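# Coordinate inspection notes
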Amino acid sequence: MNALMVGVDAGGTGTRAVVATVDGVVLGRGQGGPGNPLRHPSAAVSFEQAVGAALAGQDASRVVSAGLGVAGLTGLRFADYSGALVRLGVSARLCVYADAVTAFAAGTTSDHGVVLIAGTGAIAARVRDRQVTATADGLGWLLGDRGSGVWLGLSAVRSIAVHWPGTPFASAVASHAGVETVDELLAWGNRTTPDQYAALAPVVCSHALSGDPLAQSLVDSTATELLRTLDELGPPAGPVVLAGGLLSGRTPVSAALTRALARRSVSHAVAGDPALAAARLSLRVDHEPKVPLDGVSPPPIS
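Analysis parameters
Each chain carries its own residue numbering, running from 1 in the direction its sequence is written. Only residues with pLDDT of at least 70 are given local features in this predicted model, and only at 80 or more are side-chain atom pairs given and counted; all residues enter the totals for whole chains, interfaces and linings. Note: side-chain values were computed over all heavy atoms of the structure, leaving out hydrogens and water. Two aromatic rings from Phe, Tyr or Trp, using only the six-membered ring of Trp, form a pair when their centres are within 6.5 Å; if the ring planes differ by under 30 degrees the pair is stacked, by over 60 it is edge-to-face, and anything between is tilted. For each residue, the accessible area found with a 1.4 Å probe, counting protein chains only, is set against the maximum for its type, and the residue is called buried under 20%, exposed over 50%, and partly exposed in between. The pairing criterion for strands is at least two bridges between them, as found by DSSP. Here a helix means four or more residues in a row that DSSP labels H or I, a strand means two or more in a row labelled E, and each is numbered from the N terminus. Helix span is expected to be 1.5 Å times the residue number reduced by one. Whenever a nitrogen or oxygen atom comes within 3.5 Å of another N or O atom, the pair is scored as a polar contact, on the condition that within protein one atom can donate a hydrogen and the other can accept it, and that pairs from neighbouring residues in sequence are kept only if both atoms are in side chains. Every residue gets a pLDDT, meaning the predictor's confidence in that residue, from 0 to 100. We call two residues in contact when some of their heavy atoms are within 4.5 Å. Interaxial angles span 0 to 180 degrees and are taken between N-to-C directions of axes, which are lines fitted to C-alpha atoms, for helices over the stretch in contact. In this scheme the crossing of two helices becomes right-handed for a clockwise turn of the near helix relative to the far one and left-handed for an anticlockwise turn of less than a right angle. The cut-offs work like this: below 35 degrees is roughly parallel, past 145 is roughly antiparallel, 65 to 115 is roughly perpendicular, and the gaps in between are oblique. Any residue that is not Ala, Val, Leu, Ile, Met, Phe, Trp, Tyr, Cys, Pro, Asp, Glu, Lys or Arg is counted as polar, Gly included; the first ten are nonpolar and the last four charged.

### Focus on the packing of aromatic side chains
Enumeration according to the criterion identifies 3 aromatic pairs in this entry. Ring plane angle 75° and centroid distance 5.8 Å describe the contact between Trp 188 and Tyr 197, whose orientation is recorded as edge-to-face. Pair check on accessibility: Trp 188 and Tyr 197 agree, each one buried. Members of the aromatic cluster, connected to one another through ring pairs, are Trp 141, Trp 188 and Tyr 197.

Right, dumping it as structure tokens:
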């Protein structure tokens with residue numbers, strides 16, 4: 001029987017799992033809820049849901065390696081995740097990585113370089129030998145995450161509050177918030193969640209592509225903030241990988257940042273599937289976890 005590997009990408013807005021053969025043929029995918037354990041107490045439940053869905057119709061006993069790339073790594077309780085695998089019939093040990101590591105590996109085979117992630121949050125990280133050696137930003141939406149989806153959505157609300165109502169873009173933001181007056185928008189903005197702000201990012205990008213000047217200025221500001229975060233790490237030694245929902249797809253933010261990198265003659269790659277990258281990383285380490293949690297290497301699953 002062919003051996004299988006499991007990989008999971010657990011981010012702020014969702015958890016995505018993949019089951020594949022060891023030569024990379026994807027056999028199943030699954031999704032779960034938000035996966036950042038620092039912000040979501042049910043992140044381990046989302047992990048189990050996603051892996052369970054990906055394993056549907058497969059023999060879990062064939063899984064020889066399992067990898068997890070996770071945002072909010074310091075909040076992860078290893079036993080919750082290893083226990084989930086046991087319940088699903090997976091006996092392979094779980095290798096846990098910072099999401100920056102799996103995002104970087106999703107864009108290059110190099111063992112060192114820089115990854116810039118802009119999704120719900122935003123961070124730049126130097127990666128070497130499957131470890132994060134330095135970071136810039138990644139401070140959370142209240143203290144940083146400049147250029148993230150939350151930052152872009154919050155910037156839109158702030159701008160629309162000043163320019164109310166006036167434009168189709170302003171109306172789209174109001175519709176997203178379910179409000180009809182600027183006072184209602186202010187009330188919504190002061191009680192809403194980071195994920196709801198991040199959900200506004202596609203609205204901003206859509207109107208920027210349609211030529212709205214305010215939306216375009218917000219997109220340009222987002223790219224500028226991300227470039228500043230990248231610069232905080234100094235000149236990149238090795239490839240630069242762009243990852244996260246704002247940078248790995250064809251978004252105006254990605255286009256603006258790519259133009260800025262081209263002006264600097266900085267080559268870059270776009271990350272592919274970080275869940276599949278997590279699976280491949282776990283396969284490469286001979287089942288020995290590389291990231292200690294709370295200073296202690298996770299125990300083998302028994």
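### Topic: the pairing of strand β8 (residues 131–137)
In this sheet, β8 lies alongside strand β7 (residues 122–128) in antiparallel orientation, the contact comprising 6 bridges. Bridged to Ala 125 within β8 is Thr 135. Hairpin connection from β7 to β8: 2 residues lie between these consecutive antiparallel strands, with Asp 129 at a positive phi of about 50°.

### A short note on helix α9 (residues 213–231)
In this model α9 runs 27 Å from its N-terminal to its C-terminal C-alpha over 19 residues, within 8% of the 27 Å that 1.5 Å per residue would give. The set of residues buried in α9 consists of Leu 214, Ala 215, Leu 218, Val 219, Thr 222, Ala 223, Glu 225, Leu 226, Leu 227, Thr 229 and Leu 230. For α9, the capping residue at the N-terminal end is Asp 212, with a side-chain oxygen 3.0 Å from the backbone nitrogen of Leu 214.

### Let's talk about the confidence of the model for the chain
When the pLDDT values of the chain are averaged, the result is 90; 94% of them are 70 or greater. Taken as a whole, residues 286–302 scores under 50 in pLDDT and shows 37 contacts with residues more than four places along the chain or in a different chain.

### Focus: the packing of helix α4 (residues 149–163) against helix α5 (residues 168–177)
The description of two packed helices rests on the angle between their axes and on the distance between the axes. Remark: α4 packs on α5, axes separated minimally by 10 Å, with the N-to-C direction vectors making an angle of 120°. Where α4 crosses over α5, the two elements pack in a sense that is left-handed. Residue-level inspection shows Ala 156, Val 157 and Ile 160 of α4 in contact with α5, the latter providing Phe 169, Ala 170 and Val 173.

### What about the packing of helix α1 (residues 43–54) against helix α2 (residues 78–87)?
The interhelical angle for the contact between α1 and α2, taken along N-to-C directions, is 30°, at an axis separation of 9 Å. Taken together, the axes of α1 and α2 lie roughly parallel to each other. Judged by the sense of rotation from one axis to the other, the crossing of α1 with α2 is right-handed. Counting all contacts with α1, which are made through Ala 43, Ala 44, Phe 47, Glu 48 and Val 51, the residues of α2 involved are Asp 80, Tyr 81, Ala 84, Leu 85 and Arg 87. Looking at side-chain class alone, the contact of α1 with α2 contains 7 nonpolar, no polar and 3 charged residues.

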